[in-house]
Amino acid sequence: MQNAIRARYKHDIPSLYPSQICCVFFTHMHSDHTLDYPELAFKLWWRRSRPLQAFGPAGLRQMTDAMNAMMATDTRLRTTGAQPVADPEMYQVNVTEISAGVVFQRDGIRIEAFDVNHGTIKPAFGYRITTDDRTIVISGDTAYSEELIDKARGADLLFHEVISDTGLARNAPQWRDYHRQAHTPGNELGRLANIVRPKKLVLYHGLFYGEPEQGVVDEVRAVYDGDVVLADDLDTF
Ligand SMILES: [Zn+2]
Ligand SMILES: [Zn+2]
């Protein structure tokens with residue numbers, strides 16, 4: 001959330017200020033993708049004029065209810081004391097549990113969820129976002145996925161997770177097996193990118209295991225000659 005505030009001012013994007021963020025889309029319910037949810041939902045909600053909307057897999061509603069219970073004392077203190085509160089109900093998130101398909105269509109933005117291949121973790125979604133001038137695909141967590149190839153063809157930006165080939169080799173055999181069926185090694189991502197040919201490939205959710213982070217870009221480039229970069233906080237594309 002601190003980076004959202006930084007981005008709001010650095011790039012002058014008012015809709016990234018916490019109380020202005022309209023929506024959040026979860027790819028799957030793994031903790032590394034959900035632990036910031038309470039921070040987003042309960043950051044400056046007392047300034048909200050519209051509730052946060054959350055879209056994600058089954059389990060999101062249960063998590064939201066539990067989050068509200070976790071924060072109940074804070075909510076009571078803020079709504080019964082001297083603090084100004086625009087609307088005492090605005091801490092409540094509008095939750096939509098989704099399945100694959102178009103999940104959002106508004107203001108010229110269309111967002112389609114599609115199934116990816118995150119091993120035994122189901123459902124796990126990627127998102128294809130279409131605006132007036134660009135198509136952006138986000139892989140979520142996935143091993144090599146034919147479905148993603150289908151959805152990402154012709155995309156302007158493909159954000160894809162990656163695990164370092166050399167980092168993977170450092171893992172114990174049972175972890176290597178687990179990661180192989182759940183994540184995409186650099187060389188396989190290069191092969192995938194050769195089929196998809198996005199205008200720009202942005203690597204994110206990198207798993208490096210102590211390897212130099214830029215090394216994974218080299219692994220992709222060894223088999224892919226297109227435009228590829230490793231994402232960093234506050235980058236714009
Ligand atoms: Zn995951
Ligand atoms: Zn993850």
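Just so it is clear, the model here is predicted, and its values are computed rather than measured. (Residues numbered from 1 in each chain as written. Chains lettered and ligands numbered in written order. Predicted model: local features only at pLDDT ≥ 70, side-chain atom pairs only at ≥ 80, totals over all residues. Heavy atoms only, no water.)

Re the coordination of the zinc ion (ligand 2)
Move 1: Surrounding the zinc ion (ligand 2) are the protein donor atoms D32 (OD), H33 (NE2), D141 (OD) and H205 (NE2), which sit 2.1 to 2.2 Å from the metal.
Move 2: If you look at the zinc ion (ligand 2), its four donor atoms make angles of 92 to 161 degrees with each other, and the shape they trace is irregular.
Move 3: Look at where the donors of the zinc ion (ligand 2) fall in the sequence and you get D-H-x107-D-x63-H.
Move 4: The distance between the zinc ion (ligand 2) and the zinc ion (ligand 1) comes to 3.5 Å, and D141 binds to both of them. Taken together, the residues span a long stretch of sequence, with H33 in the loop between β1 (23-25) and α2 (37-42) and D141 in the loop between β7 (135-138) and α5 (146-152) at a distance of 108 residues.
Move 5: Assessed through its relative accessible area of 22%, H33 is described here as partly exposed. (Donors = N, O, S within 2.8 Å, 3.2 Å for Na, K, Ca; no water. Tetrahedral: all angles 85-135°; square planar, octahedral: opposite > 155°, others 65-115°. Helix = DSSP H or I, 4+ residues; strand = E, 2+ residues; numbered from the N terminus. Buried < 20%, exposed > 50% of the residue type's maximum accessible area, 1.4 Å probe, protein only.)

Considering the coordination of the zinc ion (ligand 1)
Move 1: Distances from the zinc ion (ligand 1) to its protein donors, H28 (NE2), H30 (ND1), H118 (NE2) and D141 (OD), fall within 2.2 to 2.4 Å.
Move 2: Taken together, the four donor atoms coordinating the zinc ion (ligand 1) and their angles of 91 to 161 degrees define a geometry best described as irregular.
Move 3: Among the residues examined, H30 registers a relative accessible area of 23% and is labelled partly exposed.

A look at the domain arrangement of the protein chain
Move 1: You can read the domains of the protein chain as domain 1 (2-97) and domain 2 (101-230).
Move 2: Between the C-alpha centres of domain 1 and domain 2 there is a distance of 27 Å.
Move 3: If you look at the interface, domain 1 gives 12 residues, while domain 2 gives 14 residues.
Move 4: In total, domain 1 and domain 2 occlude about 1100 Å² of area from one another, counting both sides; carbon and sulfur atoms represent 65% of this.
Move 5: Across the domain 1-domain 2 interface, the total number found is zero salt bridges.
Move 6: Counting across the domain 1 and domain 2 interface gives eight residue pairs in polar contact (both at pLDDT 80 or more). (Domains from an automatic or database assignment. Contact = heavy atoms within 4.5 Å. Buried area = accessible area lost by both parts, 1.4 Å probe. Salt bridge = Lys/Arg side-chain N within 4 Å of Asp/Glu carboxyl O. Polar contact = N/O pair within 3.5 Å; in protein donor to acceptor, adjacent residues only side chain to side chain.)

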